[in-house]
Amino acid sequence: MQHLRQLLEIENSELARLLRFSLYGLEATLNQARAEFPLDPGVEVCDDVLQELHNLLQPEPPQQNTGWEDVPDELKLTHLREAFNSDSELSYYLGNSQLQSQTDSDLWNEIQRKLLRVPEDLAATWRQRTLDLAQEVGAIADNSNLYQLPFIRDEIIYPGLSGTIQTQGLSLYQQALSNTQNAQGNASDLPAAFLFLYMNFIEIDPDLHHALKSVFSFDVVSLHSKPEQRDQYIDALSDRFQRTQKAEKNTDPLSILRAWIDMDEAIHSLVFVPPAERYSWWGKLQHESRRILKKVADEAINAGNEVRIRQLSGLYADICALSKDDLQLDCGGIPGEVLTSLRVYARINQEESPGRVIFRSSR
């Protein structure tokens, strides 16, 4: 385990990245097998192996400042931080929390990740502004140094920097998902892509929360401050992925549809506070699941079933009869309106399944 951890901690290493994705695949495979064979004589040892894998894949905790370390240099991007913190339009979408980073590298990534949650036109304007301010202090965009996240396509999410500030950007990388496939056997579809993307994104973004009812039904929960909730959310997401795979193997349209409704709920239950705007990068990413869900519903209709799927939005008072166990926030969006749809409302052959939303309090 010592050498595995040493390899995982090497920065900018393709071998380290391949090992990490392979270990994620092994962890998901063992979790699936653990659920399928609960009476297997190797269950207890399997649980120990899963715990070791979990510990191995967790990032090392940052060292505490004891007072003897050197005082960090003054930020070169101070003007960018001040402008970002004081922008009222950004605050409307992101809430009033201030940027927390203490280094230029961390600040660049924190700002770029937050821009993924605001409407794309606003994000584009601000992304250009961040590049202009970085260039003023001698840093330029660098698309060659990117942290790669596994997904079904290649995409540069935002650039890194070189020059006076050296930091990685972020990208989606299809080959990284293929590497994970090799470890797990068959993981080429969208649910698998979301599973491995989320497992990696949760590691790098401390602002992520979950609102998955089967894990915790009473609030939106931080995955950073409550690691046990993070683990339970990932386990639930992995379980729903496995159930989606099983349903598709059985080829029954209604079983596939019900599994996809549950999977789509788990995907949309990874949220921010306030939730990402619908036409942001995050909003459009998660909507890819809804597009697949609609296709699955159409296939069930073509097989002779009566199916109605509805994404709940608009005034909460208008849709609350179609939802259940909703969550309320006092920030983001317009008071009295739905902030995000966690689970779609479904009516399948006269059987109703309520949706679930997060809405803004009217006060």
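Rules of the game
- Residues numbered from 1 in each chain as written.
- Predicted model: local features only at pLDDT ≥ 70, side-chain atom pairs only at ≥ 80, totals over all residues.
- Heavy atoms only, no water.
- Helix = DSSP H or I, 4+ residues; strand = E, 2+ residues; numbered from the N terminus.
- Buried < 20%, exposed > 50% of the residue type's maximum accessible area, 1.4 Å probe, protein only.
- Contact = heavy atoms within 4.5 Å.
- Pairing = 2+ DSSP bridges.
- Axes fitted to C-alpha atoms, helices over the stretch in contact; angles between N-to-C directions.
- Core = buried A, V, L, I, M, F, W, Y, C linked by side-chain atoms within 4.5 Å.
- Phe/Tyr/Trp six-rings, centres within 6.5 Å; stacked < 30°, edge-to-face > 60°.
- Expected span 1.5 Å × (residues − 1).
- pLDDT = per-residue confidence, 0-100.
- Salt bridge = Lys/Arg side-chain N within 4 Å of Asp/Glu carboxyl O.

The number of helices and strands found in the protein is 13 helices and 14 strands. Here the protein holds 363 residues, and 49% of them are scored as buried. Partitioning the intrachain contacts of the protein with sequence separation of at least 6 by distance along the chain shows that 63% fall at a separation of at least 24.

Taken in spatial order, the 3 strands line up as 2-5-3 in an open sheet, and their pairing is mixed. Sheet topology places strand 2 (146-150) and strand 3 (155-158) at the edges, where each strand pairs with a single neighbour. With direction set aside, neighbouring strand axes in the sheet form an average angle of 30°. Sheet topology note: the strand 2/strand 5 (residues 169-173) ladder contains 5 bridges and is parallel. In the strand pairing of strand 5, L146 is matched with G169. Across the sheet, helix 9 (residues 190-204) is in contact with strand 2 and strand 5; its angle to strand 2 comes to roughly 140°.

Counting residues in hydrophobic clusters, the biggest one holds 80 residues, and the most contacted among them are Y198, F201, Y233, L257 and W282. With 11 residues, helix 9 is the largest single contributor of residues to this core. Residues within four places of F201 in sequence aside, it is in contact with R113, L116, L149, L170, L208, W281 and W282.

Glancing now at the side chain of S323. Mapped onto the elements of the fold, S323 is located in the loop between helix 13 (316-319) and strand 10 (327-329). Residue S323 is classed as buried on the basis of its relative accessible area of 11%. Apart from residues lying up to four places away in sequence, S323 is in contact with L312, Y316, P354, G355 and R356.

Attention now moves to the environment of L322. Its place among the elements puts L322 in the loop between helix 13 and strand 10. In this structure the C-alpha to C-alpha distance between L322 and E352, which are 30 residues apart in sequence, comes to 9.1 Å.

Once that is clear, we can look at unusual backbone geometry. Put simply, V273 and P274 share a cis peptide bond, and its omega is -5°. Here the phi dihedral of T251 falls at roughly 65°; this positive angle occurs in a residue that is not glycine. Tracing the backbone shows T251 in the loop between helix 10 (227-250) and helix 11 (253-268). For T251, a relative accessible area of 57% gives the class exposed.

With respect to topology, 3 strands assemble into an open sheet ordered 10-14-11, the strand pairing being mixed. Unpaired on one side and paired on the other, strand 10 and strand 11 (338-343) mark the two borders of the sheet. Strand-to-strand, the axes of this sheet are offset by a mean angle of 15°, without reference to chain direction. Where strand 10 meets strand 14 (residues 356-360), 3 bridges bridge the pair, whose relative direction is parallel. Residue pairing across strands places L327 opposite I358, the latter belonging to strand 14.

Our next topic: the packing of aromatic side chains. According to the stated counting rule, one finds 11 aromatic pairs in the structure shown. Ring plane angle 85° and centroid distance 5.8 Å describe the contact between F216 and F218, whose orientation is recorded as edge-to-face. Judged by relative accessible area, which is 29%, F216 ranks as partly exposed. Judged by relative accessible area, F218 falls into the exposed class, the value being 71%. Counting every residue linked through ring pairs, the aromatic cluster contains F151, F194, Y198, F201, F272, W281 and W282.

End to end, helix 12 (residues 281-302) covers 32 Å across 22 residues, agreeing with the expected 32 Å (1.5 Å per residue, within 8%). Backbone geometry just downstream of helix 12 places G304 in the positive-phi region, at approximately 100°.

Attention shifts here to the pairing of strand 12 (residues 345-348). The pairing of strand 9 (residues 307-310) with strand 12 spans 4 bridges and is classified as antiparallel. Bridging across to strand 12, I309 finds its partner in A346. Note: strand 12 against strand 13 (residues 351-353), 3 bridges, orientation antiparallel. Paired with I348 across the two strands is E351, which belongs to strand 13. Between strand 12 and the antiparallel strand that follows it, strand 13, lie 2 residues; N349 among them carries a positive phi value of about 50°.

A few words on the confidence of the model for the protein. On average, residues of the protein score 88 in pLDDT, and 90% of them reach the 70 mark or higher. Segment residues 60-71: pLDDT under 50, and 3 contacts once partners within four positions in sequence are set aside and those in other chains are kept. Below a pLDDT of 50 lies the segment residues 182-188, which in the model reaches 16 contacts outside its immediate sequence neighbourhood of four places, other chains included.

The subject of this paragraph is the pattern of salt bridges. Counting across every chain of the model gives 17 salt bridges. One salt bridge connects R113 with D205, and the closest N-O pair in it is separated by 3.6 Å. With R113 in helix 6 (residues 104-115) and D205 in the loop between helix 9 and strand 6 (209-210), this pair connects stretches of sequence that are 92 residues apart. D205 matches R113 in its accessibility class, with the two residues each being buried. The partner of R290 in a salt bridge is D264, with the nearest N and O atoms 2.5 Å apart. With R290 in helix 12 and D264 in helix 11, this residue pair connects regions lying 26 residues apart in the sequence.

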